[in-house]
Amino acid sequence: MTKTLVSIHGVSHRFGADGAGVLALDGIDLEVPDGQFVAIVGPSGCGKSTLLSLVAGLRRPSSGTVFCDGERITAPMPRKVGMIFQEANLLPWLTAVDNVAFPLKLRRVSKLERRAAARDMLALTGLAGFEEKLPHQLSGGMKQRVSIARGLVQDPAVLLMDEPFASLDEQTRMLLGDELLRIWSETRKTVLFVTHSLNEAVYLADRVIVLSARPGRIVDDVAVDLPRPRTFAMTSSERFGVLKERIWQHIRQAERR
Amino acid sequence: MTRVSQAALYLSILAAWEVLPRAGVIPRLFVPSLSEAVGALVENHGEYLASLPTTVGEILVAYVIACGGGILVGQIIGASPRARRMLLPVFRSAYAVPLVVLYPVMMVWFGLGAESKIAFASIYAFIPTMLTAVAGVAALSPALGETARAFGATSLQQILFIALPASLPSIVAALRLGGALVIVGVIVAEMLGAAEGLGFLITRYRTLLNSPGVYAGIILVLVMTGMHELALRRLERMVASYRET
Amino acid sequence: MRRHERLIVAAGGVGLFLLWEVLVRRGALDPSLAPAPSTILDALLKLARRPEVLASLGVTAWEVLAAFLIAAPAGLFIGFALAEVPFLGALFRPLINFLFGVPKSIFLPVFILVFGVSIPQKIAFGVFTTLFVVIMGGIAAVESVPRELVTVSRAYGATPWQVIREIYLPSMAPILLESARLGMIFNITAVLLCEIYGARDGIGYRIAAWGENLQMPQLYAALVIVAIAAVFVNEVLRVVESRLGFWRRVA
Ligand SMILES: Nc1ncnc2c1ncn2[C@@H]1O[C@H](COP(=O)(O)OP(=O)(O)OP(=O)(O)O)[C@@H](O)[C@H]1O
Ligand SMILES: [Mg+2]
């Protein structure tokens, strides 16, 4: 049995002044073993981003606790948790390599050292040769690769990804999905991956968590028992269809309520 | 909430303007109370009114020269990418030149009368007006004209239905900026050297240390620029609705 | 601009001056209204050797600089406060927008009533004309800081000070410089206007005097000096602005 890396206990989160605001999450319990790839799906506005921001330490839950690698999360812990957003959110005045090195700069790692680490990460994400480009010189897919490299540069145990491919075109997103699986299999990170695409969820993940409409509760926890490495052919297999169908039923019910 | 506090803010500014000079907190020579300034305007309204024909006349002529010329040149330069590339950098740099220094030259050329004010205000407003017009024309999409041609529009139809409505907003924007600059240009010129006009009146009251008279004149200028601004905003809205139909 | 176009523009400029020179020499232009460029150049070289003229330039430069050094930090401070403190912003921004649109030059006589004809009066008037541009620039600069980048850097553990240094400053810098540059243009104009309107020294004062005495070569030479100085300051600031904004996508 591998150890549990992320554990979320009885987490609820309410926005706004005490008791008055929106209840975004309600009673979330989730244990994620080391190295697992977890996809999180659910209707729009159900609290997926909120959940990730709690694990990232960007906010503190109204109630309940979040642990990462045995340590309680109350503030960002960038060395344990890397975050990748829907938009690449690169600093436009930094080159690709300096963007990737940025988290290390915040920790005052020497320039030489952090650039070397950043170069390695860019190579890992398939961007060797683009180190000195500015963000506006890169395509959308390349920017997102830089963003992933930045998430990986401190070698965090956990990678949080909030709809990282949502603003990319279909082909780029499939390519990046395969890239992500390759990187994941090389680095064995624990991944929490929010997506709206059921295909993406089933194709990438070991396990799919389905949230209900707001306030978000876990309504299903689906183990994806497709073999790895995943192939494009699997997406048209019967098992793939069955899994997708099961998740879809939940989301439809959640929306109807 | 903000509405209330803003109303309170404006009221207290007006109240302070009235009370502080009266109470002697601010010397009356620096800032006369609001009622004093408005009083001067009412009391000497004959003199202010008599100064207006000169000033307004100068403004109108300079308006036509600066805005007409600026918009015309702007349309021509804006229509040609090559002209834009070649001339805009020159005009942008020239924009930094403080044109006030030209007024003494205008005085030598045209004397103390209206001509020097008109010439100065026209030059003063020309470049910004033109740059605004150029920006509007340059932003037009050539696809519009092509679409119209594809549907067989005649040249007249193209101008009437495409070019004119498409560039109208930038023309109005140019008028709005240029007109304001023309008004200020004329007043400043009159302040610097003239024998009549509103600007001259303001300067004369200043030499007499009659500060209510100075403030009354300034209020009158602000009314003029304010009315111009309101009129052009209105025109802007009309143009916008014309484009929608 | 392409290279040959640049040449055409330069040749056009030179050509204009040559035409002017020829017209004056042929008697088509009255030298008492527009002296020949050669005469102006001659006067310029002579002025450049007259200590009292250089001193006047120094006075003007000092007034401009002092006004800028007061207006820029003050304007930035007010601008930041209005952008970052919601209450202040909601209360004062309409007023500031209004004041930004009000023509400043017509208030010059008021500054003479308050300060008399003096150097402080010119500096104060320069500050008054410059301030609002810088305030607006400060507000725009803060609003241009992408919120997402602040979140990202927080997620990567940035301290508040690091957020300011790594995110706020670089993203605001080009806009701040642009507003400083525009403010400087207004500032120079304001100080010269003061000096022409009423002063005891400064290059604007000399320009007005030469104009009154119909000393055209000196008058034109002074215009050339002022124009070159203003364009120079503007271009220097513009170079810095585009250096700091190298990352902005060129449209
Ligand atoms: N800062 C905030 N203040 C108040 N309410 C918020 C805030 N952020 C999110 N919410 C609310 O909390 C709920 C959950 O938001 P969240 O962004 O987590 O949803 P999501 O599942 O990520 O949605 P989407 O699929 O659209 O990205 C939403 O109803 C949203 O309106
Ligand atoms: Mg979301």
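Please read all numbers here as calculations on a predicted model, not as lab measurements.

Participant: Teacher, can you tell me more about the arrangement of the chains here?
Facilitator: With two pairs of chains in contact, the largest contact count belongs to chains B and C. When C-alpha atoms are compared, chain A and chain B, though not in contact, are closest at a spacing of 20 Å.

Participant: Whenever I open this one, the site of ligand 1 confuses me. Can you help?
Facilitator: All names here are of chain A. Lining the immediate environment of ligand 1, one finds 13 residues, of which Ser 44, Lys 48, Ser 49, Thr 50 and Arg 214 sit closest. Within the contact set of ligand 1, an oxygen atom lies 2.8 Å away from a side-chain nitrogen or oxygen of Ser 44. One nitrogen or oxygen atom from the side chain of Arg 214 is found 2.6 Å from an oxygen atom belonging to ligand 1. Isolated, ligand 1 exposes 630 Å² of accessible area, and the fraction of that covered by the protein chains is 64%. With three residues, the top contributor of residues to the shell around ligand 1 is helix H1 (residues 48-56).

Participant: Would you mind showing me how to read the interface of chain C and chain B here?
Facilitator: Note: interface size is frequently given as the accessible area lost on complex formation between the parts. With 48 residues of chain C at the contact, the number on the chain B side is 43 residues. A combined buried area of about 4,000 Å² lies between chain C and chain B, and 78% of that area is made up of carbon and sulfur atoms. Area buried by chain C at its contact with chain B is led by Ile106(C), Leu113(C) and Tyr197(C), which between them contribute 18% of it. There are two salt bridges connecting chain C and chain B. For Arg82(B), the salt bridge goes to Glu5(C), with nearest N and O atoms at 3.8 Å. One can count eight residue pairs in polar contact (both at pLDDT 80 or more) joining chain C with chain B.

Participant: Would you mind showing me how to read the pattern of salt bridges here?
Facilitator: Side-chain pairs of opposite charge can arise whenever the charged atoms involved come near each other. Summed over all chains, the structure comprises 31 salt bridges over all chains. A salt bridge links Glu166(C) to Lys105(A); the nearest nitrogen and oxygen atoms lie 3.0 Å apart. Here Lys105(A) lies in helix H2 (residues 96-106) and Glu166(C) lies in helix H8 (residues 160-197), a pairing that spans two chains. Residue classification places Lys105(A) among the partly exposed residues on the basis of a relative accessible area of 29%. Measuring nitrogen to oxygen at the nearest pair gives 2.9 Å for the salt bridge that ties Arg145(A) to Glu179(A). Of this pair, Arg145(A) sits in helix H4 (residues 140-152) while Glu179(A) is found in helix H5 (residues 170-187), placing the two residues 34 residues apart along the sequence.

How each quantity is defined
Residues numbered from 1 in each chain as written. Chains lettered and ligands numbered in written order. Predicted model: local features only at pLDDT ≥ 70, side-chain atom pairs only at ≥ 80, totals over all residues. Heavy atoms only, no water. Contact = heavy atoms within 4.5 Å. Near = heavy atom within 4 Å. Polar contact = N/O pair within 3.5 Å; in protein donor to acceptor, adjacent residues only side chain to side chain. Areas by Shrake-Rupley, 256 points an atom, 1.4 Å probe, with all protein chains shown as cover. Helix = DSSP H or I, 4+ residues; strand = E, 2+ residues; numbered from the N terminus. Buried area = accessible area lost by both parts, 1.4 Å probe. Salt bridge = Lys/Arg side-chain N within 4 Å of Asp/Glu carboxyl O. Buried < 20%, exposed > 50% of the residue type's maximum accessible area, 1.4 Å probe, protein only.

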